[in-house]
Amino acid sequence: TTRAMDDLPLTSPQITTAISEEDVEHVVNWLRDHRPAAPLYGVGVSMGGNLLLRYMGRQAAPGPVLGAIAIAPPFQLAKCTPYFEASWFGTLVTKFLQRPLRDTFLRHLSEHPDF
């Protein structure tokens, strides 16, 4: 997930949520406030799986999220990257995620020179 996509404002010098456990915590807190009796479980795919596992690992037991499943999280991203970039899926991600992310970064660079 990226911030400030389309015409949305960039409200902080962070354009991706792939490293922000605070976003997960925000959603969990919102769910706790609006559905306090509902049991919470999480599922994360790829980088979302990494993010979910980081969030779960830093929560005191028992935490508000009762369980989690991480599907294909790249635990060692640096080692995975060359294989990923050489794949057909990597080509799609470059076209539909990395390029728009780069464009968002460049568009907002003057607003947040501390990037």
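Details of the structure are given in the entry above.
On a predicted model such as this, the values are computed, not experimentally measured, just so you know.

Visitor: How would you sum up the overall build of the protein? Please name residues and give values.
Guide: Each helix and strand counted, the protein has four helices and two strands in total. Counting helices and strands in the order they occur from the N terminus, the protein gives α-β-α-β-α-α. The burial tally for the protein puts 23% of its 115 residues in the buried class. The contacts of the protein with a sequence gap of at least 6 include a subset with a gap of at least 24, amounting to 60%.

Visitor: An account of the pattern of salt bridges is requested, with residue identities and associated values reported.
Guide: Between side chains of opposite charge, a pair can form when the charged atoms approach closely. The tally for this structure, following the rule as stated, stands at two salt bridges. When the shortest N-O distance is used, the salt bridge between Glu21 and Arg54 registers 2.8 Å. Taken together, the residues span a long stretch of sequence, with Glu21 in helix H1 (residues 21–34) and Arg54 in helix H2 (residues 47–57) at a distance of 33 residues. Classification of Arg54 as partly exposed rests on a relative accessible area of 34%. Between Glu21 and Arg58 there is a salt bridge, with the nearest N and O atoms lying 2.5 Å from each other. Of this pair, Glu21 sits in helix H1 while Arg58 sits in the loop between H2 and strand S2 (65–71), placing them 37 residues apart in sequence. Through salt bridges with shared partners, a single ionic network connects Glu21, Arg54 and Arg58.

Visitor: I'd like a description of the packing of H1 against H2, backed by residues and values.
Guide: Following both chains from N to C, one finds H1 and H2 inclined at 70 degrees, their axes separated by 9 Å at the closest point. When the interaxial angle is binned, H1 and H2 end up roughly perpendicular. Across from Glu21, Val24, Glu25 and Val28 in H1, the residues of H2 making contact are Leu51, Arg54 and Tyr55. Partitioned by chemical class, the residues of the contact of H1 with H2 number four nonpolar, no polar and three charged.

Visitor: A description of the environment of Glu21 should follow, citing residues and the corresponding values.
Guide: Judged by relative accessible area, Glu21 falls into the buried class, the value being 11%. Each C-alpha atom of the pair Glu21 and Leu53 lies 9.6 Å from the other, and the pair is 32 residues apart in sequence. Once residues lying within four places of it in the same chain are set aside, the contact partners of Glu21 are Leu51, Arg54, Tyr55 and Arg58.

Rules used throughout
Residues numbered from 1 in each chain as written. Predicted model: local features only at pLDDT ≥ 70, side-chain atom pairs only at ≥ 80, totals over all residues. Heavy atoms only, no water. Helix = DSSP H or I, 4+ residues; strand = E, 2+ residues; numbered from the N terminus. Buried < 20%, exposed > 50% of the residue type's maximum accessible area, 1.4 Å probe, protein only. Contact = heavy atoms within 4.5 Å. Salt bridge = Lys/Arg side-chain N within 4 Å of Asp/Glu carboxyl O. Axes fitted to C-alpha atoms, helices over the stretch in contact; angles between N-to-C directions. Parallel < 35°, antiparallel > 145°, perpendicular 65-115°, else oblique. Nonpolar A, V, L, I, M, F, W, Y, C, P; charged D, E, K, R; others polar.

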